[in-house]
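# Close look at the chain arrangement
Spelled out from the first residue to the last, the chains are:
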Amino acid sequence: MLNNSHNNNNSLETEAVFTPEQVLENRGRVAIFIDGSNLFYAALQLGIEIDYTKLLCRLTSGSRLLRSFFYTGVDRSNEKQQGFLLWMRRNGYRVISKDLVQLPDGSKKANLDVEIAVDMMSLVGSYDTAVLVSGDGDLAYAVNAVSYRGVRVEVVSLRSMTSDSLINVADRYIDLDSIKEDIQKTPRSYTYRPLSSLGLADDASQQG
């Protein structure tokens, strides 16, 4: 590699040492940690619905995936949510859930920062790159700790919802706004017409 760079010392000043493609190739084994509620609110801000199959592909980016964790608070009485989490488990995600706790103001919340931090730390040595989908500054300490253990950390979140302290300790930051086209559900035009009527319409147009 040294032989390739000897001909022009100035090239180092004008060109990146690694291309983005090479950086992605050097990610090694990837572990993904998704803060479900943080991602949900980010999607609301962006006005999109997340396609979780596309999200997994985009975050893995062709690297070897060790595991993808999805952390979320659950309402046991919400059948729709239970169905969604079952789908997630069957489509490449390891779901870590915690019952929602009702707060004094009437809202419900479940904080899974500790679970995310513990999993990131306990799996060090099994993965080379951590992809953290969260903007929560409380996770900055855990990110810094795994970095010192030799892990490369990518933070993916919406800039307006992301703590500077988290960005400062990450090796790479990706704004969800910049990849929303890659991870959103494609809007479908729901026009259900019987096949027979379509055929009749085609026949009529041909006859006319």
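Treat the numbers as computed from the prediction; the structure is a model and nothing was measured.

## Some points on the pattern of salt bridges
Tallied over the full model, the rule gives 10 salt bridges. One salt bridge in this structure joins Arg76 and Asp99, with 2.7 Å as the shortest N-O distance. You can see Arg76 sitting in the loop between β2 (64-74) and α6 (79-90) and its partner Asp99 sitting in strand β3 (residues 94-99), a full 23 residues away along the chain. Taking relative accessible area as the criterion, Asp99 reaches 41% and is therefore assigned partly exposed. With a shortest N-O distance of 2.6 Å, Arg152 and Glu154 are connected by a salt bridge.

## Remarks on the sheet that holds strand β7 (residues 152-157)
An order of β3-β2-β1-β6-β7-β8 is seen for the 6 strands of this open sheet, with the pairing classed as parallel. Pairing within the sheet leaves two strands with one partner each, and these edge strands are β3 and β8 (172-175). Between one strand axis and the next, the sheet turns by 15° as a mean value, whatever way the strands run. Examined bridge by bridge, strand β6 (residues 129-133) and β7 share 4 bridges and lie parallel to one another. Across the sheet, the residue bridging to Leu132 is Val155, located in β7. Each of β1 (29-35), β2 and β6 is contacted by helix α4 (residues 36-46), which is oriented at about 70° to β1, the strand it contacts most. Sitting on the sheet, helix α5 (residues 52-60) touches β1, β2, β6 and β7, and the angle it makes with β1 is about 135°.

## A short note on the nonpolar core
Counting residues in each nonpolar core, the largest one holds 27 residues, and the members touching the most others are Ile34 and Leu55. Ignoring anything within four residues of it in the chain, the contact list for Leu55 reads Ile34, Leu39, Ile50, Tyr93 and Ile183. In terms of nonpolar packing, the next biggest core, distinct from the first, is built from 23 residues, Ala31, Ile116, Leu132 and Val155 among them.

## What to know about the layout of surface pockets
Over the atoms rolls a probe the size of a water molecule, and in doing so it shows where empty space is left. Roughly 1200 Å³ of volume is contained in the largest pocket. Lining the largest pocket are 34 residues, with Gly36, Ser37, Phe40, Thr72 and Gln81 sitting closest to its centre. When contributions to the lining of the largest pocket are tallied by element, the ones reaching two or more residues are α4, α5, β2, α6, β5 (108-109) and α7 (113-122). Sort the elements by how many residues they give to the lining of the largest pocket and α4 lands first, with 7 residues. In terms of residue class, the lining of the largest pocket is built from 16 nonpolar, 9 polar and 9 charged.

## Remarks on the packing of aromatic side chains
For the coordinates displayed, the defined rule picks out 9 aromatic pairs. Aromatic pair Phe40 and Tyr41: ring centres 5.4 Å apart, planes at 70°, arrangement edge-to-face. Classification of Tyr41 by relative accessible area gives partly exposed; the value is 48%. Here the aromatic rings of Phe70 and Tyr93 are separated by 6.3 Å at their centres, their planes lie at 75°, and the arrangement is edge-to-face. Linking Phe70 in strand β2 with Tyr93 in the loop between α6 and β3, this pair joins segments that are 23 residues apart in sequence. In this pair, the class of Phe70 matches that of Tyr93, namely buried.

## Structural notes on the packing of α7 against helix α8 (residues 140-148)
Orientation of α7 relative to α8, taken along the N-to-C sense of each, is 0°, at an axis distance of 10 Å. The orientation of α7 with respect to α8, classified from their angle, is roughly parallel. For the pair α7 and α8, contact is made by Ala117, Met120 and Met121 and by Ala142, Val143, Ala145 and Val146, respectively. Its residues placed into classes, the contact of α7 with α8 shows 7 nonpolar, no polar and no charged.

## Concerning helix α10 (residues 176-183)
Along α10, the residues classified as buried are Leu176, Ile179 and Ile183. The buried residues of α10 occupy an angular sector of 80° when projected down its axis, which confines them to one face. Turned more than 90 degrees from where α10 packs its buried face, Ser178 and Glu181 sit exposed. Sitting at the head of α10, Asp175 places a side-chain oxygen 3.0 Å from the backbone nitrogen of Asp177.

What counts, and where the lines are drawn
- The numbers attached to residues start from 1 for each chain and follow its sequence in the written order.
- Only residues with pLDDT of at least 70 are given local features in this predicted model, and only at 80 or more are side-chain atom pairs given and counted; all residues enter the totals for whole chains, interfaces and linings.
- Side-chain figures throughout are based on the complete set of non-hydrogen atoms in the structure, without hydrogens or water.
- We count a salt bridge whenever a side-chain nitrogen from Lys or Arg sits within 4 Å of a carboxyl oxygen from Asp or Glu.
- To qualify as a helix, a DSSP run of H or I must reach at least 4 residues; to qualify as a strand, a run of E must reach at least 2; elements of each kind are numbered from the N terminus.
- Partly exposed residues are those whose accessible area sits between 20% and 50% of the maximum for their type, while under 20% is buried and over 50% is exposed, using a 1.4 Å probe and protein chains only.
- By definition, two strands form a pair when at least two bridges between them are found by DSSP.
- What counts as an axis is a line fitted to C-alpha atoms, over the stretch in contact for a helix, and the angles between N-to-C directions run from 0 to 180 degrees.
- Any two residues having at least one pair of non-hydrogen atoms within 4.5 Å are treated as being in contact.
- For the purposes of this section, nonpolar cores are sets of buried Ala, Val, Leu, Ile, Met, Phe, Trp, Tyr and Cys residues that join through side-chain atoms within 4.5 Å.
- Here the term cavity refers to a set of points on a 1 Å grid, laid over the protein atoms alone, in which a 1.4 Å probe fits but cannot get out; the term pocket refers to an open set having protein on both sides within 12 Å along at least five of seven lines, with lining residues being those that place an atom within 4 Å of a point.
- Grid points are joined across faces, edges and corners, and a volume is the space filled by probe spheres set on the points.
- Residues are grouped as follows: Ala, Val, Leu, Ile, Met, Phe, Trp, Tyr, Cys and Pro are nonpolar; Asp, Glu, Lys and Arg are charged; every other residue, Gly included, is polar.
- Paired rings are identified among Phe, Tyr and Trp, the last through its six-membered ring, by centres lying within 6.5 Å, and are further divided according to the angle between planes into stacked (under 30 degrees), edge-to-face (over 60) and tilted (the rest).
- Convention used here: angles under 35 degrees read as roughly parallel, angles over 145 as roughly antiparallel, angles from 65 to 115 as roughly perpendicular, and any remaining angle as oblique.
- Here the arc refers to the set of directions running from the helix axis out to each C-beta atom.
- In the analysis that follows, any N or O atom pair within 3.5 Å is treated as a polar contact, provided that within protein one partner can donate a hydrogen and the other can accept it, and provided that, for residues neighboring in sequence, both atoms belong to side chains.

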